[in-house]
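# Descriptive structure summary
Chain by chain, the residues:
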Protein chains: 2
Amino acid sequence: MTTAKRKRTRPLILALLLLAAPLAGLAEDPTWRQVDPDNLVFMELAEGSVLIELNPRFAPKTVKQFRQLVQDHFYDGLGFYRVIDGFVAQGGDGSDLGKLSDVPLIKAEFERPWSNDFAFTPVQAPDLFAPETGFIDGFAVARDPGDDKVWLTHCPGIIAMARNEDPDSSRTDFYIVIGQAPRYLDRNMNVFGRVIHGMDVIQQIRRGPVNDNGIIRDDMQTSRMRSLRLGSDIPDEERAAAFVMDTNSPGFADLLRDRRERKHRFFHHEPPPVLDVCQVPNAGRVTK
Amino acid sequence: MTTAKRKRTRPLILALLLLAAPLAGLAEDPTWRQVDPDNLVFMELAEGSVLIELNPRFAPKTVKQFRQLVQDHFYDGLGFYRVIDGFVAQGGDGSDLGKLSDVPLIKAEFERPWSNDFAFTPVQAPDLFAPETGFIDGFAVARDPGDDKVWLTHCPGIIAMARNEDPDSSRTDFYIVIGQAPRYLDRNMNVFGRVIHGMDVIQQIRRGPVNDNGIIRDDMQTSRMRSLRLGSDIPDEERAAAFVMDTNSPGFADLLRDRRERKHRFFHHEPPPVLDVCQVPNAGRVTK
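Residues numbered from 1 in each chain as written. Chains lettered and ligands numbered in written order. Predicted model: local features only at pLDDT ≥ 70, side-chain atom pairs only at ≥ 80, totals over all residues. Heavy atoms only, no water.

Attention now goes to the pattern of salt bridges. This model, assessed by the stated rule, comprises 28 salt bridges over all chains. Of the charged contacts, one joins Asp147(B) and Arg187(B) as a salt bridge, the two residues approaching to 3.0 Å between their closest N and O atoms. Placement of Asp147(B) in the loop between β9 (139-144) and β10 (149-152) and of Arg187(B) in the loop between β12 (174-177) and β13 (190-197) is noted, with a sequence separation of 40 residues between them. Given a relative accessible area of 9%, Arg187(B) falls into the buried group. The structure contains a network of salt bridges with shared partners spanning Glu111(A), Asp147(A) and Arg187(A). (Salt bridge = Lys/Arg side-chain N within 4 Å of Asp/Glu carboxyl O. Helix = DSSP H or I, 4+ residues; strand = E, 2+ residues; numbered from the N terminus. Buried < 20%, exposed > 50% of the residue type's maximum accessible area, 1.4 Å probe, protein only.)

Written out as structure tokens, the structure is:
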């Protein structure tokens, strides 16, 4: 009995309907687009490698400051000091390494005005948390046509700046969402990017104690960032190419339709024809 | 400058409003209830220890068979052979170790009739995926008053039996949800328990290749279960006590209200007064 045979007999819950494009063909596949190296951040942890795509269109000030911090090697060596399973991994406090920073505060950019220039791919209206959700430039967004606002949603894998009560108090500390989307934080934080590769690595970040709000008081016990590097600072020939789905492509529209209309015989109870924008698979692919 | 001082200056996104009961006092705290050892499964992985609470009220046949498999040491040594980040970790195929099983198939128990005996704590109506959500016995549920049915929802941490197309084809293979709730699977699977401790351990389970539907074809490469043991098979004096929130308690009602009404000054944009039943923190606590 071969392994291949055994595998065929295994029960599977229904497969994710991923478009199984071979990695080598992504550059020619209209469903995928290559990420601009200016918007790509390579984060190395002891646990592995992570790729982040920045979103300067929605968070220009935050992205500008984050890029500068990355180029200044500000984050290299810092730990994730507040990590709550199912919620967030937060890190990037310079005082950890005695970096008493004069880094400026970032003004709130929690949402932005709607523009008809957006290549908006609708997903769900109404959503539980917003009048409408969808994708723009590969990012999950929500919008309120009533006040002409649109914002990046708190889906798993998003990266946002932490802050104090003052809305304009973001500086260096950021968090990555590692659990069920905390959508109540939408429109309240500077969301500025998303993890496009290596969420399994992020999931290995050491958690803090549940009864102390996830805070790891001993810095030596934290998972640490070895280095962050901006894609455009890495020579072309050394840099891995990163691809994400073009959420404005016909291929992505097919994916959304297949996930909304569960016609497969596997479904004995037909699911309601709704989609959670944070549950649409949207990870990137990396080629060497 | 002390560490404690530094920590106070760190920006925090708003704390989870957990009821910070000291572990030692859980047995006397009306917000918590101790899990019946008959419904407790201790799962040991190389990555760490996991505790599962079974739900015989919603899935009596599945729980009966799973308990028997645990007591037969069926799962000891088996791997997680299909692991997709953000979706599920699936394991429990006996052929992995050459266990050609005569384990019977389990009839579908995807939902059950509503009963007024349920201590139902409502959370959200309407929810995106169901007319109403809430908690029963600590488990997230959804219900449809229209057809008098109630079911366990696919929240992160739930454990359910995998199956083939036939609704009555569950046997030994199970999956644990490790990402954004795949609620489209609700009412289609035998959900029979939830991880109440050690989801950070489950998150360390080795992922399979994204372009091969998460399947790890080489069994030697999988994360493996060292042992599963039923709580009631462990002598009282050796067994850790596990507590979960009593979702019918006033303390839990307070938690729900605090999460729905975000009155804290941190929120400059007041979130909509809705709750995602899968985003309510509901992890258990373990005492030695």
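Structure's up, so let's keep going.
All names here are of chain B. With 12 residues, helix α2 (residues 60-71) extends 16 Å from end C-alpha to end C-alpha; this agrees with the ideal 16 Å at 1.5 Å per step. By the burial criterion, the buried members of α2 are Thr62, Val63, Gln65, Phe66, Leu69 and Val70. Angular distribution of buried residues about the axis of α2 spans 165 degrees; they occupy a single face of the element. Tucked into the core, α2 has its buried residues touching β2 (40-45), β3 (48-54), β11 (158-161), β12, β13 and β14 (225-230). His73 sits one or two residues past α2 and shows a positive phi near 60 degrees. (Expected span 1.5 Å × (residues − 1). Arc of directions from axis to C-beta. Contact = heavy atoms within 4.5 Å.)

Of all residues in chain A, 91% have pLDDT values of 70 or greater, and the mean over the chain is 91. Of the regions scoring below 50 in pLDDT, residues 14-21 of chain A engages in 27 contacts with residues more than four places distant in sequence or in other chains. (pLDDT = per-residue confidence, 0-100.)

This next bit is on the interface of chain B and chain A. On the chain A side, the residues contacting the 74 residues of chain B number 74 residues. Taking both partners together, chain B and chain A bury about 6800 Å²; carbon and sulfur atoms supply 58% of that area. Our count for the chain B to chain A interface comes out at two salt bridges. Among the ionic pairs, Glu165(A) bridges to Arg265(B), the shortest N-O distance being 3.4 Å. One can count 16 residue pairs in polar contact (both at pLDDT 80 or more) joining chain B with chain A. Of all the secondary-structure elements, those providing two or more residues to the side of chain B that touches chain A are α1 (3-9), β4 (80-83), β5 (88-91) and α3 (199-202) of chain B. A per-element tally of the side of chain B that touches chain A places α1(B) first, with three residues. When grouped by side-chain class, the residues that make up the side of chain B that touches chain A number 36 nonpolar, 15 polar and 23 charged. (Buried area = accessible area lost by both parts, 1.4 Å probe. Polar contact = N/O pair within 3.5 Å; in protein donor to acceptor, adjacent residues only side chain to side chain. Nonpolar A, V, L, I, M, F, W, Y, C, P; charged D, E, K, R; others polar.)

Turning next to empty space enclosed by the protein. In the structure shown here, the tally under the stated rule is six cavities of 30 Å³ or more. Roughly 150 Å³ of internal volume is contained in the largest cavity. Considered class by class, the residues forming the lining of the largest cavity number eight nonpolar, two polar and six charged. The calculated volume of the second largest cavity comes to roughly 70 Å³. Taken together, Phe129(A), Ala181(A), Arg183(A), Tyr184(A), Arg259(B), Arg262(B), Val274(B), Leu275(B), Asp276(B), Gln279(B) and Val280(B) make up the full set of residues lining the second largest cavity. Here the residues of the lining of the second largest cavity sort into six nonpolar, one polar and four charged. (1 Å grid on protein atoms, 1.4 Å probe; cavity = no way out; pocket = protein on both sides within 12 Å on 5 of 7 lines; lining within 4 Å. Points joined across faces, edges and corners; volume = space filled by probe spheres on them.)

Further remarks concern the relation of the copies chain B and chain A. Mapping chain B onto chain A leaves a residual RMSD of 0.0 Å; the transformation is a rotation of 180 degrees accompanied by 0.0 Å of translation along its axis. These values place the two chain copies in the arrangement generated by a two-fold rotation axis. The position closest to the rotation axis in chain B is occupied by the C-alpha of Gln180(B), lying 2.5 Å away. (Least-squares fit on C-alpha atoms with pLDDT ≥ 70 in both.)

With that settled, consider helix α4 (residues 250-260) of chain B. Residues and elements named next belong to chain B. Taken together, the buried positions of α4 are occupied by Gly251, Phe252, Leu255, Leu256 and Arg259. When α4 is viewed along its axis, its buried side chains cluster within an angular range of 145 degrees and face the same direction. Packed against the buried residues of α4 are β7 (120-124), β8 (132-136) and β15 (241-245).

Residue and element names in this part refer to chain A. Taken in spatial order, the eight strands of this open sheet run β4-β5-β12-β11-β13-β3-β2-β14, and their pairing is antiparallel. Lying at the two open borders of the sheet, with one neighbouring strand each, are β4 (80-83) and β14 (225-230). This sheet shows a mean twist of 25 degrees between the axes of neighbouring strands, independent of strand direction. Of the pairings in the sheet, the one linking strand β5 (residues 88-91) to strand β12 (residues 174-177) comprises four bridges and is antiparallel in character. Pairing of Val88 across the sheet is with Val177, part of β12. Most of the contacts of helix α2 (residues 60-71) go to β14, to which it runs at about 120 degrees, and overall it touches β2 (40-45), β3 (48-54), β11 (158-161), β12, β13 (190-197) and β14. (Pairing = 2+ DSSP bridges. Axes fitted to C-alpha atoms, helices over the stretch in contact; angles between N-to-C directions.)

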